[in-house]
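Residue-level listing of the chains:
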Amino acid sequence: MIEDAAQGFGASYQGRRACSFGQIAATSFFPAKPLGCYGDGGAVFVDDSGMEALVRSLCVHGQGPGGKYDNVRVGINSRLDAIQAAVLLPKLKALEDYELDARQAVAERYRAAFAGKLVTPAVTAGGVSAWAQYALLAENGERRDRILGHLRERGIPCMVYYPKPQHALPVFQGLPRYGETYQNAMDYCARTFSLPMHPYLGEAEQKEVIAAVLEAL
Ligand SMILES: Cc1ncc(COP(=O)(O)O)c(C=O)c1O
């Protein structure tokens with residue numbers, strides 16, 4: 001099982017951390033992620049020395065045991081820059097020490113404000129979300145677009161994650177099931193929108209965001 005924890009770094013289920021469920025797991029340190037560096041970066045998690053050797057080799061152009069010019073397989077250049085690692089080390093500590101708690105507080109304030117008015121995200125019992133995004137569902141696409149328009153007029157950042165479901169991406173056009181509707185995915189993409197979510201969103205700022213959404217509603 002390959003676990004994609006690009007948006008889940010910091011989350012847990014029944015005390016077990018994201019990135020520890022798959023035989024191999026990956027996360028992203030892209031700046032928008034719960035643990036972001038100052039450019040592109042990511043990490044792979046394994047719990048098996050054979051897999052570790054394979055991943056280490058793949059990320060350095062398929063390097064073999066003989067060192068730099070002993071390429072034994074076709075790999076890629078996927079080394080994390082040292083400068084990004086230097087950024088990530090203190091940020092990892094901050095995530096653990098207080099940012100995850102701060103994210104819970106932001107999510108709880110949104111939940112309390114929008115409960116019964118919009119569909120708020122649910123967290124499975126025993127789960128702790130890292131709240132990479134705070135995504136809501138409006139009643140329909142028209143209402144969603146009206147909310148987005150209102151927020152943008154007020155200079156409040158908002159995003160749609162994601163405007164197109166996977167099956168509707170041009171890259172999959174040739175696949176046999178491309179033409180199927182996948183109604184739930186289409187419906188979700190039309191109705192979803194995401195609000196500012198980060199551990200440094202102050203209560204006063206968040207109140208402005210909430211007020212603008214409620215006005216639009
Ligand atoms: C769920 C998921 N998987 C994978 C990725 C890819 O991460 P990266 O751009 O660091 O390769 C992303 C980033 O948007 C993501 O959200």
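Asker: Which parts of the structure should I look at to understand the sheet that holds strand β5 (residues 42-46)?
Answerer: Whenever strands of a sheet pair, they do so through backbone hydrogen bonds, lying parallel or antiparallel. Taking strand neighbours across the sheet as the criterion, the three strands line up as β1-β4-β5 in an open arrangement whose pairing is mixed. A single partner strand is all that each edge strand has here, and the edge strands are β1 (2-4) and β5. Shown here is a sheet whose adjacent strand axes are inclined to one another by a mean of 20°, direction ignored. Sitting on the sheet, helix α1 (residues 49-58) is in contact with β4 (24-28) and β5, with an inclination near 155° to β5.

Asker: What is the right way to look at the pattern of salt bridges in this model?
Answerer: Any two side chains of opposite charge can pair, given that their charged atoms come close. Applying the stated rule across the entire model yields nine salt bridges. Between E142 and R146 there is a salt bridge; the shortest N-O distance is 3.4 Å. Taken together, the residues E142 and R146, both in helix α3 (residues 141-153) and four residues apart, mark about one turn of the helix. Relative accessible area serves as the criterion here: at 47%, R146 is assigned to the partly exposed category.

Asker: Please explain unusual backbone geometry as it appears in this structure.
Answerer: Backbone phi values are negative for most residues with the exception of glycine, while trans is the configuration of most peptide bonds. Residue Y162 follows Y161 across a cis peptide bond; omega there is 5°. Mapped onto the secondary structure, Y162 falls in the loop between α3 and α4 (183-191). Despite not being glycine, Q14 shows a phi value in the positive range, around 45°.

Asker: Help me out: how do you make sense of the packing of helix α2 (residues 82-114) against helix α5 (residues 203-216) in this one?
Answerer: Helix packing for two helices is described by the angle between their axes and how far apart those axes are. Where α2 contacts α5, the axes come no closer than 11 Å and their chain directions differ by 30°. The angle between the axes of α2 and α5 places the two elements in the roughly parallel class. In this structure, the crossing between α2 and α5 has a hand that is right-handed. In contact with V106, R109, Y110, A113 and F114 of α2, α5 contributes E203, Q206, V209, I210, V213 and L214. A class-by-class count of the residues in the contact of α2 with α5 yields eight nonpolar, one polar and two charged.

Asker: Help me understand the domain arrangement of the chain in this model?
Answerer: Interface size is commonly expressed as the accessible surface area that is lost when the partners come together. In terms of domains, the chain is made up of domain 1 (2-82) and domain 2 (98-216). Averaged C-alpha coordinates put domain 1 and domain 2 at centres separated by 28 Å. Every contact between the two is made by twelve residues of domain 1 and, on the other side, 13 residues of domain 2. Summed over both partners, the interface of domain 1 with domain 2 buries about 830 Å², with 48% contributed by carbon and sulfur atoms. Inspection of the domain 1/domain 2 interface yields zero salt bridges. Scanning the region where domain 1 abuts domain 2 turns up three residue pairs in polar contact (both at pLDDT 80 or more). Residues of the side of domain 1 that touches domain 2, tallied by class, amount to five nonpolar, five polar and two charged.

Asker: Sorry, what's going on with α2 here?
Answerer: Side chains of residues three or four places apart in an α-helix project in the same direction, reflecting 3.6 residues per turn. Under the 1.5 Å per step criterion, the end-to-end length of α2 is only 42 Å for 33 residues, more than 12% shorter than the ideal 48 Å. Of all the bends found along α2, the most pronounced is centred on L95 and spans about 55°. One or two residues past the end of α2 sits G116, with phi positive at roughly 85°.

Asker: Is there a simple way to explain the site of the ligand in this structure?
Answerer: Around the ligand, the surrounding shell consists of D4, A6, Q7, S28, K33, G41 and Y162. Within the contact set of the ligand, a nitrogen atom lies 2.7 Å away from a side-chain nitrogen or oxygen of D4. Here S28 contributes a side-chain N or O atom positioned 2.6 Å from an oxygen atom of the ligand. Contact with the protein chains hides 50% of the accessible area of the ligand, taken as 400 Å² for the molecule alone. Considered class by class, the residues forming the shell around the ligand number two nonpolar, three polar and two charged.

Asker: Mind showing me how you'd approach the pairing of strand β10 (residues 192-195) here?
Answerer: The side chains of a regular strand alternate, residue by residue, between the two faces of the sheet. Burial of β10 is two-sided: the residues T192 and S194 facing one way and the residues F193 and L195 facing the other way are all buried. The pairing of strand β9 (residues 134-137) with β10 spans four bridges and is antiparallel. Residue pairing in the sheet places A135 in a bridge with S194 of β10.

The rules behind each value
Residues numbered from 1 in each chain as written. Predicted model: local features only at pLDDT ≥ 70, side-chain atom pairs only at ≥ 80, totals over all residues. Heavy atoms only, no water. Pairing = 2+ DSSP bridges. Helix = DSSP H or I, 4+ residues; strand = E, 2+ residues; numbered from the N terminus. Axes fitted to C-alpha atoms, helices over the stretch in contact; angles between N-to-C directions. Contact = heavy atoms within 4.5 Å. Salt bridge = Lys/Arg side-chain N within 4 Å of Asp/Glu carboxyl O. Buried < 20%, exposed > 50% of the residue type's maximum accessible area, 1.4 Å probe, protein only. Parallel < 35°, antiparallel > 145°, perpendicular 65-115°, else oblique. Left-handed = near helix turned anticlockwise from the far one by under 90°. Nonpolar A, V, L, I, M, F, W, Y, C, P; charged D, E, K, R; others polar. Domains from an automatic or database assignment. Buried area = accessible area lost by both parts, 1.4 Å probe. Polar contact = N/O pair within 3.5 Å; in protein donor to acceptor, adjacent residues only side chain to side chain. Expected span 1.5 Å × (residues − 1). Bend = angle between axes of the 7 residues up to and from the residue. Near = heavy atom within 4 Å. Areas by Shrake-Rupley, 256 points an atom, 1.4 Å probe, with all protein chains shown as cover.

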